[in-house]
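Residues per chain are reported as follows:
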Amino acid sequence: MWFLKLNWKRLSLRSISSRNRRHIPLALLSTIPQGPSPVLQELCNVVSDSIGSLDDLEASLNCLDASFTSSHVSQIVDTCKNEAPSRRLLRFFLWSSKKLKCKLEDDDFNYPIQVFAEKTDLKAIDILVSDLSNEGREMKAQTFGIVAETLVNLGREDDALGLFKNLDKFKCSYDSITVTAIVNALCSKSHARLAEGVVRHHKDKILGVKPCIYRSLFYGWAEQKNVKETRRILREMRSVGVMPDLFCYNTFLRCLCEKNLNSNPSGVIPEALNVMMEMRSNGITPTSISYNILLSCLGRTRRVKESCQILLLMKRSGCSPDWVSYYLVARVLYLTGRFGKGNKIVDEMIEEGLVPDRKFYYDLIGILCGVERVNYALGMFERMKRSSLGGYGPAYDVLIPQLCISGNFEKGRELWDEANRMGFPLHCSSEVLDPSITKVFKPTRKDEEVCTTFRTLVQEVKAAANGNKNKNKKNKNKKKRAAPS
């Protein structure tokens, strides 16, 4: 299930994140030489050196007889940002800003703010944004987007909104870029209502970016699992001529399924299938991702029969299941003790020619070991080796201790030797192979005895229930006879 979560998160945030690109000012790109000059290299060494206090750093910088330009400051910040401690980097920039004074370009003042925002250094952001305002410099729209996203991610959405409302003080205009940036930042953390307030006040600024704005709002409400508001945004999108795409419908499907999972489990399947019908009526064909969202929710409630039916429905509707689909069904089968059926599903996937990720096998082997079915886990490991995926080390680390704990030291030793022979590094201790150290787990009662005891208890409960029924009937008959005619 976590495969789906990772893939979905990556897909959903791709369209609303403004932080995936590396932000380097144009001046920096145009002035970086093939190799740093000796003076710049010396400056970088002083800044990156973590020995000494911040005052010592400034004293060392003052001792250097170095002449540098505005663009060199950005180059040094870019070179040292991953090595130098954040506070030393800030002190260097404040020193260089004081030394260059008005010669420091706005672009080169904005770049360190972006760097500190990416490093989530709020103190540095506050200092530099305040200096930016006091010196009457311009904040670039790109800088605002990164700072706003950082503030929202750190739970300071009110500060992000406050910065947006005061953009005119930073000579930054209210345009489609800045409005989109604040809306995306707020919606990425489910603050859809605040984002809608921004959109309401700046309707004239979103004319060219409506699809992006509505997708963000849609995502923000869906993250809250607010089906009503998400449906409303869907209607609004159509009314303004923005047709919902596969991303929007999959987002809505996930919102609906997770909401029903908590409040109306019996409505998960019918309502999800209704959404898929709506998708088809609008010319959008549900993909394996759409069905996997539903399968994931069914697996979390151990709905075995329904999971198998949805997998069958996928094939009949012409949507080929991917390896995640088979994983979700096999997982719920193993967790509910249907090991033969689970193996059949995995074999079916292999016969279809699907090649899963290594994590597919890692997770299923872990589940089978967790429910103490190590023989089935060994069978899964053999399938993994036949697929020639490689990366068997984690599987050995899980299987060897489990075999020894269950008393099969011989097989554990065999796998240990095999792993060493093939050159896979093992993280489990060799002590697990020693019967005098490893405690073997033995059930207190045999399975047959447990089943017999369970059946006896069931019979006793039924007998007691029948006895109570007979007693109640006798009491009713006595009351009828005793009643006056």
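Predicted, not measured: the structure shown is a model, and the values here were computed from it.

Undergrad: Just to check I follow, could you spell out the overall build of the protein for this structure?
TA: From N to C terminus, the protein includes 25 helices and zero strands. Among the 485 residues that make up the protein, the fraction classed as buried is 46%. At a minimum sequence separation of 6, the contacts of the protein that also span at least 24 residues come to 68%. Accessible surface for the protein amounts to roughly 25400 Å². Of this, 52% is attributable to carbon and sulfur atoms.

Undergrad: What am I meant to see in helix α3 (residues 38-48) here?
TA: Every α-helical turn comprises 3.6 residues, leaving residues that sit three or four positions apart pointing alike. For α3, the full list of buried residues reads L40, L43, C44, V46, V47 and S48. Buried residues along α3 sit in contact with α4 (54-63), α5 (70-80) and α6 (86-100).

Undergrad: Explain the packing of helix α13 (residues 210-223) against helix α14 (residues 227-239) to me, please; I cannot follow it from the model alone.
TA: When two helices pack together, you describe them by how their axes are tilted relative to each other and by the distance separating the axes. Here α13 crosses α14 at 165°, and the two axes come no closer than 8 Å. With respect to each other, α13 and α14 are oriented roughly antiparallel. The hand of the α13/α14 crossing is left-handed. Residues Y214, L217, F218, W221 and A222 of α13 lie in contact with α14, whose contacting residues are E229, T230, R232, I233, L234, E236 and M237.

Undergrad: Can you help me understand the nonpolar core in this one?
TA: A general tendency of soluble globular proteins is for nonpolar side chains to be buried together. In terms of nonpolar packing, the biggest core is built from 142 residues, with I182 and V183 touching the most fellow members. Broken down by element, this core gets its largest block of residues, ten residues, from helix α19 (residues 323-335). Beyond its immediate sequence surroundings of up to four residues, I182 is in contact with F144, A148, A160, L161, F164 and V198.

Undergrad: How should I be thinking about the packing of helix α9 (residues 141-153) against helix α11 (residues 176-188) in this particular structure?
TA: In the contact formed by α9 and α11, the axes pass within 9 Å of each other and the chain directions differ by 15°. Between α9 and α11, the angle falls in the class roughly parallel. In this structure, α9 crosses over α11, and the sense of that crossing is right-handed. In this structure, α9 uses A141, F144, G145, A148, E149, V152 and N153 to contact α11, whose residues at the interface are I177, T178, A181, I182, A185, L186 and S188. The residue makeup of the contact of α9 with α11, split by class, is nine nonpolar, four polar and one charged.

Parameters and conventions
Counting restarts for each chain, with residues numbered from 1 along the sequence as it is written. Local features in this predicted model are restricted to residues of pLDDT 70 or higher, and side-chain atom pairs are both shown and tallied only at a pLDDT of 80 or more, whereas totals for entire chains, interfaces and linings draw on every residue. Based on all heavy atoms of the structure, the side-chain values leave hydrogens and waters out of the count. The way it works is that DSSP assigns letters per residue, a run of H or I at least four long becomes a helix, a run of E at least two long becomes a strand, and they are numbered from the N terminus. Type-normalised accessible area, obtained with a 1.4 Å probe on protein chains alone, sets the label of each residue: buried when under 20%, exposed when over 50%, and partly exposed for intermediate values. Residue contacts are defined here by distance: any two heavy atoms, one from each residue, within 4.5 Å place the two residues in contact. Computed with a 1.4 Å probe, the accessible areas rest on the Shrake-Rupley method; for each residue, only the protein chains presented here act as cover. Axis lines are fitted through C-alpha atoms, for helices just across the contact stretch, and the angle between N-to-C directions can take any value from 0 to 180 degrees. Convention used here: angles under 35 degrees read as roughly parallel, angles over 145 as roughly antiparallel, angles from 65 to 115 as roughly perpendicular, and any remaining angle as oblique. A clockwise turn of the near helix away from the far one marks a right-handed crossing, whereas an anticlockwise turn of less than a right angle marks a left-handed crossing. Residues belong to a common nonpolar core when they are buried Ala, Val, Leu, Ile, Met, Phe, Trp, Tyr or Cys residues joined through side-chain atoms within 4.5 Å. Classification used: nonpolar for Ala, Val, Leu, Ile, Met, Phe, Trp, Tyr, Cys and Pro, charged for Asp, Glu, Lys and Arg, polar for all others including Gly.

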